[in-house]
Amino acid sequence: MAPPSVDHTRKSMLEFDDFGLSPSVIGNDSVIKEDDILLVTGANGFVGSRVVATLLACGFKRIRCLVRPTGKSGFLESIVDKSKRSALEMVNGNLLSRENCSIAARGVSVVYHLAAGTDKTFAGCFMNSAVTTRNLLDAVTGESSLRRFVNISSIAVYSNEKMRRGDLLDETCEVETDLVERYDPYVYGKSKQDGLVLEYARTKGLPYVIMRPGVVFGPGKAQLTGRVGVNTFGVFLHIGFDNAIPLTYVDNCAEAIVLAGLRKGIEGEVINIVDDDLPKSRELLSLYRKEVRNFPVLPAPYPVFYLLCMLWEKYSKWSEEQLPPVFNRKYCEAYWKGNTYSNAKAKKLLGWRPRIPMDVGMDRYFAYIRKAGSL
Amino acid sequence: MKIRVGILGCGKVADQHATQIRKITGAEIAAVCDSEPLMALQLQERFNASRHFTSASEMLAAGKLDVVHITTPPQNHFESGKMCLEAGCNVYIEKPFTMNAGEAEELIDLAQRRGLKLTAGHNAQFTPAMIRMRELVGKGYLGGAPVHLESIYCYNLGDESYAKALLGDKEHWVRKLPGSLLQNIISHGITKIVEFLKGDNPRVVASGFTSPFLKRIGQDDIIDEVRVIIEDDNLMTAYFTFSSQISPTVHQFRLFGPRNSLLVDDDHQVLIKSENREYKSYLRYFVPPFLFAWQYMENFNTNLRKFIKKDFHLPFDAGMKTLIESFYASINGNAPLPLPYKEIILTARIMDQIFDQISHKQRKTTGKKRPIKQASARSRLGTAR
C-alpha cells in the first residue's frame, strides 16, 4: 500500500517532538532484534500512532500496522515521517475477521494490541474488545516466532470498592468482577479482553504483558477526562476536588508500551502507566478553564455525589430502568472515590521514565484543544 | 402463561430485546444463540439466560421455545424465520422483516399453515404518542379516512452506536443489503403510512440521492436522502421523507383528515390535534395559538404523569415492550396480532419499489449499478395478488 501523504497542518497541531526512545533499547535486554516483525493493532489511533512512531525511533525495520479500512485518515499519517515509512507495512483489516488476523499475525515476534471497542453499547464494546482479541490470540499463538503479546488494558478495570479514599491503587489491587452492576461497557469489554489473555497464557503459554494506562492525554484528544466531573445534567458537576487524576501523556504512555514489548523477563506481569506529578482534580479543572475556556461549574462533594448515584441506582431498579443505571455506586467509586497511584513497577521493570514532564504535556494538550476549536 | 423465549443473534439489537423481555411478566429468556460463541456467552451472562448455543438448529432442538426473536443481520431473517417456524416456534423478526416482499409473503404463509404467529420489529408503531394517535383515529377524530399522510423519518449519521460503525466500516453488513442504509431504517417510517392504506398495490414514486455531506466524506455509495409519494386504491396520498441531513433529527407523522388533523411528534412524544374551528376576525391569530400552547402543556402533563408512574421508558424501548407484550398475548390467544400481516407485506412491497426505482434512476444517471438494486423476488410480487 502506498504511504499516505503527510497532513502538515494536522502534524503541527499534534505538536510532537522526536520520540524519546533510541535504537539503544534494542540491545541485550531486548526479546527481539531490529529486523523482527512487530504488529501494532489500532495503529491509526491516538496512542497506537505514537507507539508506531516510537518503534520507528527505536530503529525497528519491520512494523506491521493493522488499521481499519475506514477510508478516513487517522493519526498515523500525521505523525509518521515520510522518510521512515519504508519500515511500515500497512495492513487494512478488521480484527473481527479471522482471515485478516491470520494475515496480520504472520511471522510476528511482538504484538502491541491497542485496538479496542469504545462503543456505547455492551455488545459493541465486547465485540470490538473481546471477540477481536480472541481472534488475534488464535492467530498469533499459532506463530512460532511470537515472543511477546502486549495487551493494552485500562486502569479503569480495577475495583476500589474495598479501599478507602486516598489508598494506593496499584497492580496488586483487585479487578472489577461485578461487571453487570458497574454498568460500564468499556470496562466490560476490557475486562473480558484481559480475561482472554490470561486464559490463553494458562492454556497455550501465551507470553503476555498487560499494560494498564491511566487517562491518556495530549495533542489529538480534545476531551477533558470524566474523572474530573460530569456535565450530563446541563451543568458541569465537579466531583472529588482533591482526587489525583491518573494521567499519562500520550508519548510517555507510548514509550512504556513499547518497552513492555522489548524488555526481557517480564512475561506475565501487569503494569500500570501513570506519569509523575499527577495533578489534583481541582488543579486540572482550573487549568483547563484558564487555558481553554471557562464554563460554569457546580461543585459536588464526593459523598453527595455518591448518595446521588445510590439513589439513581435504586430508582433505576425500581423503575425497571426508566433511567438506566449509568450512575451507580460502583461506577462512582471507580471514577471519583479518589485514590493515589504509583508508577514504581513500570519504572522498575521497564526502566521507563515519563520523559515529557506534566507541565509540558499540559501546555501541549491545551494548545492543541485551543487550536482544534475544542469541545 | 409462561413464555419461553429464545434470542437468535446476540449483537446490539439483542440487548434491547433482552432488556424488554425480562420486564414482561411470565417471559423467560430460555436460550440465546449466536454463531460467535463469545457473543452468545456475553448475552447469557448479562441477562441470566438459561443456556447459550452457537447453532440455531441446536437451540431449536434443545427444548421447546414458545417464541424466538431473530436479531441477526437481515440477510438471515428469511432462512432463520423459516427454520424457527418449522421447529414449531412463533417468531418475532427484527426490521427489516425480510430482504424483499416475496420472502415476507412466504414466511407469513408458512406461519399461517402451521398455526403459528409472526411479527416484525416495527416498534415505532407502539410509542406512547402513536398509541394515543391510534385511539383518537379509532374514535373518528379525523372525520373519516385520512386524505393525506406525511411520514418524516430522519437518521442521525453522528449516532455513536450505529452510524459510526456503519460509516467506519466499508464491509459493514448494512452496506451489503440490497437497499443499503435505507433497507435497515425506513421500514419504521413506511409502516406508519401503510397502516392506513387501502388495497394491495399502492402506487409509489420514489427519488433518492447521496447527500453532499456523505459525498464530501467519501461515502458516496450510500443513499441517505429519499423522497417518496404513495397513492392507494382510494386515492389517499402520502409523502415519505427520509433524511440524514435535516436538523434537528425528526421523526414525525401527520394525518390530514376530512374534518380534523393530527401530528405525532415521536421525538418528544407529543400528539397535537388540529381542529377545524373558525374564529372570527383577529381571534384566529390569538385563540388557536393559545389552544396549541395548551395542548403542548397537556402533553407535558401526560409525559410527566407517565414518568412518575415509571411508565415512560425511552419511546422506542417502550414501543418494543408494548409490541412484545402484545405479541405474546396474541400467542397466548388473548389478543389479535399487534401488526396485521397485510401491513408487514405492504411495507416490504413499498420498500422493494423504492429501492427498485432509486436503483433504476441511479443507473440511468451514472450508468453504474448502485448498491440499491432490484430485489430478487420482485417478479413474484406482481403475480402474488
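Computed from a predicted structure; not experimentally measured. (Residues numbered from 1 in each chain as written. Chains lettered and ligands numbered in written order. Predicted model: local features only at pLDDT ≥ 70, side-chain atom pairs only at ≥ 80, totals over all residues.)

Q: Explain the packing of helix α4 (residues 77–86) of chain B against helix α5 (residues 101–113) of chain B to me, please; I cannot follow it from the model alone.
A: Angle between the axes and distance between the axes are the two parameters that describe a pair of packed helices. Residues and elements named next belong to chain B. Packing of α4 against α5 leaves a shortest axis separation of 10 Å and a crossing angle of 5°. Judged by the inter-axis angle, α4 sits roughly parallel to α5. Each of F78, G81, K82 and L85 in α4 lies in contact with α5, whose residues at this interface are E103, L107, L110 and A111. Partitioning the contact of α4 with α5 into residue classes produces five nonpolar, one polar and two charged. (Axes fitted to C-alpha atoms, helices over the stretch in contact; angles between N-to-C directions. Helix = DSSP H or I, 4+ residues; strand = E, 2+ residues; numbered from the N terminus. Parallel < 35°, antiparallel > 145°, perpendicular 65-115°, else oblique. Contact = placed C-beta atoms within 7 Å. Nonpolar A, V, L, I, M, F, W, Y, C, P; charged D, E, K, R; others polar.)

Q: How should I be thinking about the sheet that holds strand β9 (residues 229–230) of chain A in this particular structure?
A: The strands making up a sheet associate through hydrogen bonds between their backbones, and the pairing can be parallel or antiparallel. Residues and elements named next belong to chain A. As summarised here, the arrangement of the three strands in space is β9-β10-β13, forming an open sheet in which the pairing is mixed. Both edges of this open sheet fall to β9 and β13 (297–300), since each of them pairs with a single strand only. Summarising the sheet, β9 and strand β10 (residues 236–239) pair through two bridges and their orientation is antiparallel. Residue pairing for β10: V230 is matched across the bridge by L237. (Pairing = 2+ DSSP bridges.)

Q: Honestly, helix α9 (residues 281–291) of chain A in this entry has me stumped. Any pointers?
A: It helps to recall that an α-helix has 3.6 residues per turn; residues three or four apart then point in one direction. Residues and elements named next belong to chain A. Those residues of α9 that sit buried are S281, L284, L285 and Y288. Seen along its axis, α9 keeps its buried residues to an arc of 95°; they face one direction. Residues of α9 that are buried in the fold lie against β10 and β13. (Buried ≥ 20, exposed ≤ 12 C-beta atoms within 10 Å, placed from the backbone. Arc of directions from axis to C-beta.)

Q: Help me understand the nonpolar core, please; the structure alone is not making it clear to me.
A: Most often, soluble globular proteins keep nonpolar side chains buried together rather than apart. In terms of nonpolar packing, the biggest core is built from 206 residues, with V40, V52 and I257 of chain A touching the most fellow members. Examining the composition of this core, we find that 11 residues originate from one element, helix α5 (residues 122–140) of chain A, more than from any other. When residues of this core are sorted by domain, at least three fall in each of domain 1 (3–124) and domain 2 (125–331) of chain B. Those residues in contact with I257 of chain A that sit more than four places away from it in its chain are V51, Y112, V150, I152 and M211 of chain A. (Core = buried A, V, L, I, M, F, W, Y, C linked by C-beta atoms within 7 Å. Domains from an automatic or database assignment.)

Q: Please clarify how the confidence of the model for chain A should be interpreted in this entry.
A: Interpreting fine coordinate detail is not advised for predicted regions of low pLDDT. Taken as a whole, chain A shows an average pLDDT of 90; of its residues, 93% reach a score of 70 or greater. Taken together, the stretch residues 1–12 of chain A has pLDDT below 50 and engages in 14 contacts with residues farther than four places along the chain or on a different chain. (pLDDT = per-residue confidence, 0-100.)

Q: Explain the environment of F253 of chain B to me, please; I cannot follow it from the model alone.
A: Residue and element names in this part refer to chain B. Inspection of the secondary structure puts F253 in strand β11 (residues 251–256). When the C-alpha atoms of F253 and F240 are compared, they prove to be 9.3 Å apart, with 13 residues separating the residues in sequence. If near-sequence neighbours (up to four positions away) are discounted, F253 is found in contact with S151, K192 and V264.

Q: Whenever I open this one, the domain arrangement of chain B confuses me. Can you help?
A: Quoted interface sizes are often the accessible area lost when the parts come together. Residue and element names in this part refer to chain B. Assigned domains within chain B: domain 1 (3–124) and domain 2 (125–331). Domain 1 and domain 2 are separated by 26 Å when their C-alpha centres are compared. Counting from both sides, the interface comprises 23 residues of domain 1 and, opposite them, 25 residues of domain 2. Contributions of two or more residues to the side of domain 1 that touches domain 2 are made by α1 (12–21) and β5 (90–93). By residue class, the composition of the side of domain 1 that touches domain 2 is 11 nonpolar, seven polar and five charged.

Q: Quick question: what am I supposed to make of the interface of chain B and chain A here?
A: Opposite the 23 residues of chain B that make contact, chain A presents 22 residues. Within the residue set of the side of chain B that touches chain A, elements represented by two or more residues are α1 and α2 (37–47) of chain B. Residues that form the side of chain B that touches chain A fall into these classes: six nonpolar, seven polar and 10 charged.

Q: Can you help me understand the pairing of strand β4 (residues 108–113) of chain A in this one?
A: Moving residue by residue along a regular strand, the side chains alternate between the two faces of the sheet. All names here are of chain A. Buried residues dominate β4, accounting for six of its six residues. Where strand β1 (residues 37–41) meets β4, five bridges bridge the pair, whose relative direction is parallel. The residue bridging L38 from the neighbouring strand is V110, located in β4. Note: β4 against strand β5 (residues 148–152), four bridges, orientation parallel. Its bridge partner lying in β5, V110 is registered against R148. The handedness of the β4 to β5 crossover, carried by α5, is right-handed. (Right-handed = clockwise from strand over helix to strand, strands pointing away.)

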